[in-house]
Amino acid sequence: MPNRCSAPGCRSNYAGEPYTPVFKLPNGPPDLVNRWHRALCREGIRDLKNVFVWSKHFLDEEIQTSFSIHQPDGTYLEVPAKPKLQKDAVPRFLPGCPLHLSSSSNTIPPRFDRSLREQHLIDTAINESLLQYNQDQELFQITTLEDLVSKTKHSGLPNHWLVWSSDDNSFNLLKPSITNNSLIAIRCSLTITETLHTMGFYEGIRIPLSLTQINDIRQLNDLLKEIENHSALTNSPETFQHHVREATGSIRKAIDSLSTGEESGNQQPLLSSLQFILCQLDNALIAKTMRRYNIETLVLSLICQLISPVCYRYLQSLDCLSLPHLSTLKRLYSNFGLDSEFTNYLKQSVTQFNKWERNVVIQMDEIHVKSTFTYKGGKLIGSSLNPTDPAKTVFAFMISSSSKRWSSIVRLLPCSSSSAEVLFPIIKDVIRDVEACGLSVHVLCTDNYPMNVNIFKLFSPSRLLEHIVPHPMDSNRPLFLLFDFVHIIKSIRNNWLNQIDYNKTFTYPDFENIQVASTAVFEEIHKLYKSDQHSVAKLAPRLTSKACWPSTLERQNVSLALRIFDESTAAALNVSYQSRYHTSTNSQTADIIAIICNVWKIFNINTPNKGILHKDEFSVPLTYNDTRFMFLQRVVDWAECWRVMPDKRGKLSPQTFTSFRHSCIALPCIVNHLAGNCGYSYVLSSFLQNDPLEHHFGLYRMMSGAQYHISYCQALETERRIKLSSILKLFSKKLVEDSISLKNFLESCSSSCDQDSHASFSLEMYLSAIQGYSGIELNKQILQSLSFIAGYSVHAYHKHSTKCQSCPLFLNENKEMEIEEPSDSEYRLIQIIDRGSLKWPSSDVIDAIITLWKVFYSIESQPSIINNFITGPSRSILIQLTTSLIEDEQAEVWRVLCDECGTLIWDVLAKLLTATSNCLISNKIKSMNSQLPLKLCVENTRKLKKLKPN
């Protein structure tokens, strides 16, 4: 049952009354117990355990109904709790008793009593706080340096900080540390002057502090922690620069010691790495416009940019490397000649070869290109041997070493139509140029195209196809003629697919007994593929649907042909044939595949260890009088028997028969010559094939934007980039050792220079054509167009010239001038288009541009000379003719000097005419390209009429 109140006259918690909280008599000091007894008028009570008092008999301030919790963020949280009396609480109100028995405070209303108590508590707290503040001021406040020293000794310092006295009336605190060399170094220090101003230092460099003057001893610990804080130090630019300078000094010392050491040659990789890092650190402290780069960085940047411009832009965007701007790289290789011959590059490369590496093979093949003209570098690019026709194909001449993996294009020849008689002297010129560079040509390799067969016949004195002919440079030396076996194996597969019978059957003599005829059916390969097409455990894993049913374009893919002529395909055919017919004999289709596969292995030896790794005797490198030459001789006899078989069907084409037999005879002769006369211990036959040239064609397409049908200009530009990257890789070490300028070195490797000043030509044929140029009349549209072009030329000059304020006054007109007849003015087109930034050329500039246009129009109207003009150095011809006319008529206008920069305005005229010539000639080339589809359409119509039956 609930406890009842013990106060006189109180009925709380009695029967019939509501429940109210009560408090028990405290078991505390006797004085407090006696006060409770007196307040309750129960002084004689003995049972203290059963004394309870109602909560209404106490002041509200004496009852605690909650408690506070201190939170991590510094605030306090009030939590409700069970009512509890304060320690000194005593009952004060006895409503059922006389008034004198209640506390005198009961005469004051409770709300007023509470406010008085709160004010009393506040005043007490304020007085205590002021007292504590005054005590702290006396204890921690600093007014003089002596006061700081004494109080520092009393309060102490953080760990590892020491006091150092000096004679300059300052207070110094130091923090020593142990270096990597087990030496003691002072990294952090704090100096307090006589006026209590602070100076912080880290590794000898002053750092900014949050407090510039100290007046409290407690601030000292905050300053010491701030100096030790590394995050504050890393934000200091002075500290960063000091660290970088210390690092560069250490790296320079390491480079000097490595360069002068006895084992400097062995440390070359480490030396190159340190030089690259040194260049990066030096540029980290310099503005981008003032940075300089060593040869290693320039070579790395050039190679990366030439191979993949996207990758180079990505590296620049990371800001983790200091790399030169793209315009800087372009200035370096701008004079590397864009030409179809690369003899100077070849002369530089050959200097790194030994005597065996100088024995080379000339490979020839063609790539089909887009029929289009391109104007670049002041010249027309894309014309064939007949200048009026665009190139349809490009003949590429490549040399590759017969003893190492090195190859290089030596000439690109654009052609629209070609013949053996045209290409034969060109090939002889290529051989002569290669020999003049210090190389020795032993083999000429090409595909089995009929025109190439006729070229080989022209090398022979008897005009018959022979595998050994007299060398064009020395009749006492042999020149070996070889057909590329990669093209031959594709031709064999295509001949097989071209058989007219349903099963596509080859009828050939048995290899072991040539008197017996055998048949190879391509339909068996189709059945084999279909039988395990949906099986996860395939009998012939190399077969695919594209290999079995190639499209017209896929027939040019040699990898698909090699899936047919593969060991696994032959083995699968034998297993399928034996299980189907329950016999132990092999499939005749598998036999011919095995023969061709073994011949391919002999022609495709590309590594010295290939035969050992594959445990295949056909893949071992070829040596002098190799036993496999007997197998090739048997193949030659077998192919000859196949060719003379009476049945005309089921055979290879005559062209394929000839090239297959010729290559099997030529390869042993080449190997015996290189091993017997040139000192080769072995020969890798794949170095004699056209694989590098086919790979080069793939690079052309990939580096031209992954296009299959590229233009001649794209092929030429891609070859230029490949040449640049290869020569940089080859000579990067030499450039560093000899301290050669990269720009000068690239100019020396260039085959030609694209600058107009190096071009030599005659103006005689053009002088008569321009005699009547002054009588040419201009209509309003042409005049306004030429004025716009003149404004563009002025803009192009100002874009790349010095910032002179006087030159534009001579070349430009004031835009605010009044035009009397706007519709007839030469500035009308500019006025309509202008949004505030277009140039308004002066009348003298417009007159010069009009003279240039009249000269071009005079030449263009002469059909007899326009072709020579377009295909030659047209820009140089046009500029020289125009300047000669202007000098006769307007020399006094242009032969003046700029008052501010001293520039001769006549030199400015040449640049204006260059920009205008580029514009006019480029538009002429575009007009020629627009007429090419019409010419092609007329040519196709002519062919259709010829093929149409009467």
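Given the structure is predicted, the values throughout are model-derived calculations rather than measurements. (Residues numbered from 1 in each chain as written. Predicted model: local features only at pLDDT ≥ 70, side-chain atom pairs only at ≥ 80, totals over all residues. Heavy atoms only, no water.)

1. As for the overall build of the chain
Piece 1. The secondary structure content of the chain amounts to 33 helices and 19 strands.
Piece 2. By residue count, 43% of the 950 residues in the chain fall in the buried class.
Piece 3. Sequence separation of 24 or more characterises 64% of the internal contacts of the chain that already satisfy a separation of 6 or more.
Piece 4. When the accessible surface of the chain is totalled, it reaches about 51600 Å², and 53% of it is carbon and sulfur. (Helix = DSSP H or I, 4+ residues; strand = E, 2+ residues; numbered from the N terminus. Buried < 20%, exposed > 50% of the residue type's maximum accessible area, 1.4 Å probe, protein only. Contact = heavy atoms within 4.5 Å. Areas by Shrake-Rupley, 256 points an atom, 1.4 Å probe, with all protein chains shown as cover.)

2. Let's talk about the packing of helix 8 (residues 295-307) against helix 9 (residues 309-318)
Piece 1. Viewed as axis vectors pointing N to C, helix 8 and helix 9 meet at an angle of 130°, and their least axial separation amounts to 5 Å. Relative to helix 9, the element helix 8 lies oblique. Listed contacts from helix 9 to Ser301, Cys304, Gln305 and Ile307 of helix 8 are Pro309, Cys311, Tyr312 and Leu315.
Piece 2. Along the lines of polarity and charge, the residues of the contact of helix 8 with helix 9 split into six nonpolar, two polar and no charged. (Axes fitted to C-alpha atoms, helices over the stretch in contact; angles between N-to-C directions. Parallel < 35°, antiparallel > 145°, perpendicular 65-115°, else oblique. Nonpolar A, V, L, I, M, F, W, Y, C, P; charged D, E, K, R; others polar.)

3. Some remarks on the confidence of the model for the chain
Piece 1. Overall, the prediction assigns the chain a mean pLDDT of 80, with 85% of residues at 70 or greater.
Piece 2. Element-level pLDDT for the chain is lowest in helix 5 (residues 230-234), with a mean of 49, against a maximum mean of 95 in strand 17 (residues 478-483).
Piece 3. Counted against residues more than four places away or in other chains, residues 104-112, with its pLDDT under 50, gives three contacts.
Piece 4. Throughout residues 752-760 the model reports pLDDT below 50, and contacts reaching past four residues in sequence, or to other chains, amount to 13 contacts. (pLDDT = per-residue confidence, 0-100.)

4. Section: helix 32 (residues 874-894)
Piece 1. With 21 residues, helix 32 extends just 24 Å between its outermost C-alpha atoms, more than 12% less than the 30 Å of an ideal straight helix rising 1.5 Å per residue.
Piece 2. The principal kink in helix 32, of about 75°, is found at Asp888. (Expected span 1.5 Å × (residues − 1). Bend = angle between axes of the 7 residues up to and from the residue.)

5. Quick notes on the packing of helix 14 (residues 485-497) against helix 22 (residues 654-676)
Piece 1. Remark: helix 14 packs on helix 22, axes separated minimally by 10 Å, with the N-to-C direction vectors making an angle of 140°. Considering the angle they form, helix 14 stands oblique to helix 22. By crossing handedness, the relation of helix 14 to helix 22 is classed as left-handed. Of the residues in helix 22, those touching helix 14 at Phe485, Ile488, Ser491, Ile492 and Asn495 are Thr656, Ser659, Phe660 and Ser663.
Piece 2. Class assignment for the residues of the contact of helix 14 with helix 22 results in four nonpolar, five polar and no charged. (Left-handed = near helix turned anticlockwise from the far one by under 90°.)

6. Structural notes on the environment of Cys804
Piece 1. Relative to the helices and strands, Cys804 resides in the loop between helix 27 (780-800) and helix 28 (807-811).
Piece 2. Residues Cys804 and Asp899 lie 95 residues apart in sequence; the distance between their C-alpha atoms is 9.9 Å.
Piece 3. In this view, Cys804 contacts Cys898, Glu900 and Cys901; residues no more than four positions away in its chain are not counted.

7. Thoughts on the pairing of strand 18 (residues 505-509)
Piece 1. The element strand 18 is largely enclosed, with a buried count of five among its five residues.
Piece 2. Both faces of strand 18 are covered, namely the face carrying Thr505, Thr507 and Pro509 and the face carrying Phe506 and Tyr508.
Piece 3. Where strand 18 meets strand 19 (residues 517-521), five bridges bridge the pair, whose relative direction is antiparallel. Note on strand 19: the bridge partner recorded for Thr505 is Val521. (Pairing = 2+ DSSP bridges.)

8. Focus: the layout of surface pockets
Piece 1. A volume near 1200 Å³ is recorded for the largest pocket.
Piece 2. For the largest pocket, the lining is made up of 38 residues, of which Glu366, His487, Lys490, Gln556 and Glu694 are closest to its centre.
Piece 3. The set of elements that each furnish at least two residues to the lining of the largest pocket consists of strand 10 (359-368), strand 13 (393-401), helix 14, helix 22 and helix 23 (691-703).
Piece 4. Per element, the largest residue contribution to the lining of the largest pocket is six residues, and it comes from helix 14.
Piece 5. Of the residues contributing to the lining of the largest pocket, the split by class is 10 nonpolar, 19 polar and nine charged. (1 Å grid on protein atoms, 1.4 Å probe; cavity = no way out; pocket = protein on both sides within 12 Å on 5 of 7 lines; lining within 4 Å. Points joined across faces, edges and corners; volume = space filled by probe spheres on them.)

9. Considerations on the nonpolar core
Piece 1. Val434, Phe459, Trp496, Ile592, Trp638 and Phe660 are the most contacted members of the largest nonpolar core, which has 101 residues in total.
Piece 2. A per-element tally of this core places helix 19 (residues 588-603) first, with nine residues.
Piece 3. Not counting residues within four places of it along the chain, the set of residues in contact with Trp638 comprises Tyr508, Pro509, Asp510, Phe511, Ile592, Ile595 and Phe660. (Core = buried A, V, L, I, M, F, W, Y, C linked by side-chain atoms within 4.5 Å.)

10. Concerning the packing of aromatic side chains
Piece 1. Counted by the stated rule, this structure contains 22 aromatic pairs.
Piece 2. Ring centres of Phe618 and Phe631 lie 5.3 Å apart, and the angle between their planes is 65°; on these two criteria the pair is classed as edge-to-face. With Phe618 in the loop between helix 20 (610-614) and helix 21 (628-643) and Phe631 in helix 21, this residue pair connects regions lying 13 residues apart in the sequence.
Piece 3. We classify Phe618 as buried; its relative accessible area is 15%.
Piece 4. Ring geometry for Trp642 against Phe657: centres 5.4 Å apart, planes inclined by 90°, an arrangement best described as edge-to-face. Of this pair, Trp642 sits in helix 21 while Phe657 sits in helix 22, placing them 15 residues apart in sequence. Grouping residues by exposure puts Trp642 and Phe657 together as buried.
Piece 5. The structure contains a cluster of three or more aromatic residues connected by ring pairs, namely Trp496, Phe506, Tyr508, Phe511, Phe522, Phe565, Phe618, Phe631, Trp638, Trp642 and Phe657.
Piece 6. The ring of Tyr708 carries Arg701 above its face, with NZ or CZ at 4.3 Å from the centroid. (Phe/Tyr/Trp six-rings, centres within 6.5 Å; stacked < 30°, edge-to-face > 60°. Lys NZ or Arg CZ within 6 Å of the ring centre and 35° of its normal.)

11. Digging into the side chain of Arg493
Piece 1. Turning to its location among the elements, Arg493 is positioned in helix 14.
Piece 2. Notably, Arg493 is buried but unbridged: the nearest opposite-charge side chain belongs to Glu554, and the N-O separation is 8.2 Å.
Piece 3. Only 2.8 Å separates the side chain of Arg493 from the backbone oxygen of Arg555, close enough to count as a polar contact.
Piece 4. Residues in contact with Arg493, not counting those within four places in the same chain, are Pro550, Glu554, Arg555, Asn557, Leu560, Ala561 and Phe565. (Lys, Arg positive; Asp, Glu negative; His and termini not counted. Salt bridge = Lys/Arg side-chain N within 4 Å of Asp/Glu carboxyl O. Polar contact = N/O pair within 3.5 Å; in protein donor to acceptor, adjacent residues only side chain to side chain.)

12. What about the environment of Glu887?
Piece 1. Within the element layout of this structure, Glu887 appears in helix 32.
Piece 2. A residue is classified by how much of its surface remains accessible, and Glu887, at 38% relative accessible area, is partly exposed.
Piece 3. Along the primary structure Glu887 and Trp906 are separated by 19 residues, whereas in three dimensions their C-alpha atoms are 9.4 Å apart.

13. Thoughts on the pattern of salt bridges
One side chain can pair with another of opposite charge once the charged atoms of both are near each other.
Piece 1. The final tally for this structure, using the stated rule, is 19 salt bridges.
Piece 2. Linking Asp216 and Arg218 is a salt bridge whose minimum nitrogen-to-oxygen distance equals 2.9 Å.
Piece 3. According to the relative accessible area criterion, Arg218 is partly exposed, its value standing at 43%.
Piece 4. Put simply, Arg411, Asp429, Arg432 and Asp433 are held in one network by salt bridges that share partners.

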